[in-house]
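A look at the structure
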Amino acid sequence: MKWCIPVLAYHQVDVEFELGVNSISPQTFESQMRFIAAQGYTAITPDSLIHFISSHSALPCNPILITFDDGYESFYNFAYPILKKYGLTATVFMIAAYIGRLNEWDVQRSLKRPKHLSESQIKSLVQNGIGFGSHGLHHRFLTHCSRVEANAELEESKYRLEHIIGRPVRSFAYPYGSVNAETLDLVKSAGYRIAFSLDPVRELSLEAMYRFPRMGIYRCDTFRSFQGKLGLLGRRRFKFECLKNRLINRFAYLNVLRYA
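Right, let's walk through the structure included here. (Residues numbered from 1 in each chain as written. Predicted model: local features only at pLDDT ≥ 70, side-chain atom pairs only at ≥ 80, totals over all residues. Heavy atoms only, no water.)

1. Some points on the overall build of the chain
Regarding its fold elements, the chain presents eight helices and twelve strands. Its C-alpha atoms give the chain principal-axis dimensions of roughly 45 × 45 × 35 Å. For the chain, buried positions account for 55% of its 260 residues. Contacts in the chain between residues far apart in sequence, at least 24 positions, make up 63% of those at least 6 positions apart. When the accessible surface of the chain is totalled, it reaches about 11,800 Å², and 53% of it is carbon and sulfur. (Helix = DSSP H or I, 4+ residues; strand = E, 2+ residues; numbered from the N terminus. Buried < 20%, exposed > 50% of the residue type's maximum accessible area, 1.4 Å probe, protein only. Contact = heavy atoms within 4.5 Å. Areas by Shrake-Rupley, 256 points an atom, 1.4 Å probe, with all protein chains shown as cover.)

2. With respect to the environment of leucine 83
Examined against the element boundaries, leucine 83 turns out to sit in helix 3 (residues 73-85). Judged by its relative accessible area of 0%, leucine 83 is buried. Residues leucine 83 and glutamate 30, spaced 53 residues apart in sequence, show a C-alpha to C-alpha distance of 8.1 Å. Ignoring any residue separated from it by four or fewer positions in sequence, one finds leucine 83 in contact with Phe29, Met33, Ile66, Phe75, Leu88, Thr89 and Ala90.

3. Structural notes on the packing of aromatic side chains
One pass over the structure, following the stated rule, counts eleven aromatic pairs. When the ring of tyrosine 10 is compared with that of phenylalanine 29, the centres are 5.1 Å apart and the planes differ by 90°; the resulting orientation is edge-to-face. Here the residue tyrosine 10 occupies a position in strand 2 (residues 7-10), and phenylalanine 29 occupies one in helix 1 (residues 26-38), the gap between them amounting to 19 residues. Classification of tyrosine 10 by relative accessible area gives buried; the value is 1%. Residue classification places phenylalanine 29 among the buried positions, given a relative accessible area of 0%. Chaining the aromatic ring pairs together yields one cluster made of Tyr10, Phe29, Phe68 and Phe75. In this structure, arginine 101 is placed above the aromatic ring of tyrosine 98, and the distance from its NZ or CZ to the ring centre is 4.3 Å. (Phe/Tyr/Trp six-rings, centres within 6.5 Å; stacked < 30°, edge-to-face > 60°. Lys NZ or Arg CZ within 6 Å of the ring centre and 35° of its normal.)

4. Some thoughts on the side chain of glutamine 121
Within the secondary structure, glutamine 121 sits in helix 4 (residues 119-127). When neighbours within four sequence positions are excluded, glutamine 121 is seen to be in contact with Glu73, Tyr76 and His116.

5. Points about the packing of helix 1 against helix 3
Helix 3 packs onto helix 1 with a crossing angle of 25° between their chain directions and a minimal axis gap of 10 Å. With respect to helix 3, the axis of helix 1 lies roughly parallel. Viewed along their axes, helix 1 and helix 3 form a crossing whose handedness is right-handed. Contacts between helix 1 and helix 3 involve Pro26, Phe29, Glu30 and Met33 on the former and, on the latter, Phe78, Ala79, Ile82, Leu83 and Lys85. (Axes fitted to C-alpha atoms, helices over the stretch in contact; angles between N-to-C directions. Parallel < 35°, antiparallel > 145°, perpendicular 65-115°, else oblique. Left-handed = near helix turned anticlockwise from the far one by under 90°.)

6. Quick word on the pairing of strand 8 (residues 131-134)
Covered by surrounding structure in strand 8 are Gly131 and Gly133 together with Phe132 and Ser134, the residues of both alternating faces. Where strand 7 (residues 91-94) and strand 8 come together, four bridges link them in parallel fashion. Looking at strand 8, one finds that valine 92 is bridged to phenylalanine 132. Read as a crossover between parallel neighbours, the route from strand 7 over helix 4 to strand 8 is right-handed. (Pairing = 2+ DSSP bridges. Right-handed = clockwise from strand over helix to strand, strands pointing away.)

7. Regarding the nonpolar core
Residues Tyr10, Phe29, Met33, Ile66, Phe68 and Phe75 are the most contacted members of the largest nonpolar core, which totals 77 residues. Setting aside residues no more than four positions away along its own chain, isoleucine 66 makes contact with Leu8, Tyr10, Met33, Ile36, Ala43, Leu83, Leu88, Thr89, Ala90 and Thr91. (Core = buried A, V, L, I, M, F, W, Y, C linked by side-chain atoms within 4.5 Å.)

8. Here's the deal with the pairing of strand 7
Residues of strand 7 alternate between two faces, with Thr91 and Phe93 on one and Val92 and Met94 on the opposite face, all of them buried. Bridge count between strand 6 (residues 63-70) and strand 7: four bridges; the pairing is parallel. Following the sheet pairing, aspartate 70 is matched in strand 7 by methionine 94. Running through helix 3, the crossover from strand 6 to the neighbouring parallel element strand 7 is right-handed.

9. Things to note about unusual backbone geometry
A positive phi angle, close to 55°, is found at histidine 56, a residue other than glycine. For histidine 56, the location among the structural elements is in the loop between helix 2 (46-54) and strand 6. Backbone geometry at asparagine 62 places phi at a positive 55°, although glycine is not the residue there. For asparagine 62, the position within the fold is in the loop between helix 2 and strand 6.

Interpretation in functional terms is not warranted from these geometric data alone.
As structure tokens, this is what we get:
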């Protein structure tokens, strides 16, 4: 079974300037969500995708997955109100050890470190239809962790999030998009039903359920780039946007030097 479902990956939607490409303005995000709504997309979560697949039921018309990595407080302040305005949902992949804390796991890219969502904010978002998955415990490169360390990242993050949201956490997003055969098997063993990478392709399949491809949305993207990433400007433009995403994500791999 194959589909062409856009799976978008965001990081920050914020008014604060940040070095790098991961943070976009609320105005840019709103123009993108307005376009998605106008095009008739139906936003779904990984949990609903799992349900559709396991029950062999038809997907809704024009499905799209909107995801956010890291779980910043800016999602609550800026992104969620815009999503709600346009009748869209999203899924936040949370770094479980940093709930309610400042981002001290990454290189500082602005005058002040951004804060992550608090427990009360997470609970409020869940009550309003926002999905949550795990992004690990400390945002570590699982491919550079020992088996014991990787298991702790996967299992402890799942346990902490489930304790907060009161429901199973079945989806995982690989930190930095870094995945190999061993980490994929560990994710399965930890009880996740679907996992997401940052290696975009056009066609999605059941065989890719544990390295489900996503398309990153970055500050350098124009509105035409965004349309291309949705696959609306033809196969050639889509392939170009995929290549651009892979190159941008490779720069993130430099973070592995911090753990060397």
